[in-house]
Amino acid sequence: KEQQGKAPRSVKRFKAAMDAFGRYLEAQGIMRVDSITLPVLEGYKSYRTKKEECQAKTAYTDALTLKNAFKWGSKPTRGLLKANPALDWETPEPDTPKRRCYTRAEVAKLETQVRPWLRPIVTALAWSGMRIGELVNLRWKDVDLEKRVLHIRVREDWKPKGRADRVIPLHSKV
């Protein structure tokens, strides 16, 4: 991957996935690539989440990395693998719960326990659902007090995460 000019972060992620797979194969007593079968691959995610206690999303990402590596290695022109053992490996994306929301009591506690200069920022973020970047890039022309809404607008110098305009109702606390 380094020789292909990939970003250092991608190389690091690829190396981590391959190292984890190496640990798994060693734990399974597998020493040869031709001993890697579909049942062996299907046990990998369970090994990563239960034995190594990593997140399900990490095990899923590792599995995709491995599938791509096997696909790359099994191309006939490379002559590395006779067949791709991961060809029928089903790797469904894990169901990850959405990030939890703060309760009213937790928000009230945050508002009272932060430094006074930070209180309006915490209040605006908590009661509007804006991201910090959206608050920082908010302009007075984006605030409509008559209609009680905030306009998050795409600009030439800044784009919100969704890269689209949106309207946020203005909560009375904000």
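Above this text sits the structure in question.
What you are looking at is a predicted structure, and each value in this text was computed from that prediction instead of being measured.

Peer 1: What exactly am I supposed to notice about the layout of surface pockets here?
Peer 2: In this approach a probe as big as a water molecule rolls over the atoms, and the regions it shows empty are the leftover space. Of the voids in this model, the largest pocket is the one considered here, and its volume is about 650 Å³. Looking at the largest pocket, it is lined by 17 residues, and the ones nearest its centre are Arg99, Tyr102, Leu125, Gly129 and Met130. Of all the elements in the fold, those that place two or more residues in the lining of the largest pocket are helix 5 (104-113) and helix 6 (119-128). With four residues, the single largest contributor to the lining of the largest pocket is helix 6.

Peer 1: Is there a simple way to explain empty space enclosed by the protein in this structure?
Peer 2: According to the stated counting rule, one finds one cavity of 30 Å³ or more in the structure shown. The space that makes up the largest cavity amounts to roughly 30 Å³. Glu134, Asn137, Leu138, Asp142, His151, Ile152, Arg153, Arg155 and Trp158 together form the lining of the largest cavity.

Peer 1: Whenever I open this one, the packing of aromatic side chains confuses me. Can you help?
Peer 2: Geometrically, a pair of aromatic rings is defined through the distance of the ring centres and the angle of the planes. Tallied over the entire structure, the rule returns five aromatic pairs. Judged by centre distance (5.1 Å) and plane angle (55°), the ring pair of Tyr24 and Tyr47 falls under tilted. With Tyr24 in helix 1 (residues 8-28) and Tyr47 in helix 3 (residues 44-51), this pair connects stretches of sequence that are 23 residues apart. As far as burial versus exposure is concerned, Tyr24 and Tyr47 are alike and both buried. Ring pairs connect the aromatic residues Phe21, Tyr24, Tyr44, Tyr47 and Phe70, which therefore count as one cluster.

Analysis parameters
- Residues numbered from 1 in each chain as written.
- Predicted model: local features only at pLDDT ≥ 70, side-chain atom pairs only at ≥ 80, totals over all residues.
- Heavy atoms only, no water.
- 1 Å grid on protein atoms, 1.4 Å probe; cavity = no way out; pocket = protein on both sides within 12 Å on 5 of 7 lines; lining within 4 Å.
- Points joined across faces, edges and corners; volume = space filled by probe spheres on them.
- Helix = DSSP H or I, 4+ residues; strand = E, 2+ residues; numbered from the N terminus.
- Phe/Tyr/Trp six-rings, centres within 6.5 Å; stacked < 30°, edge-to-face > 60°.
- Buried < 20%, exposed > 50% of the residue type's maximum accessible area, 1.4 Å probe, protein only.

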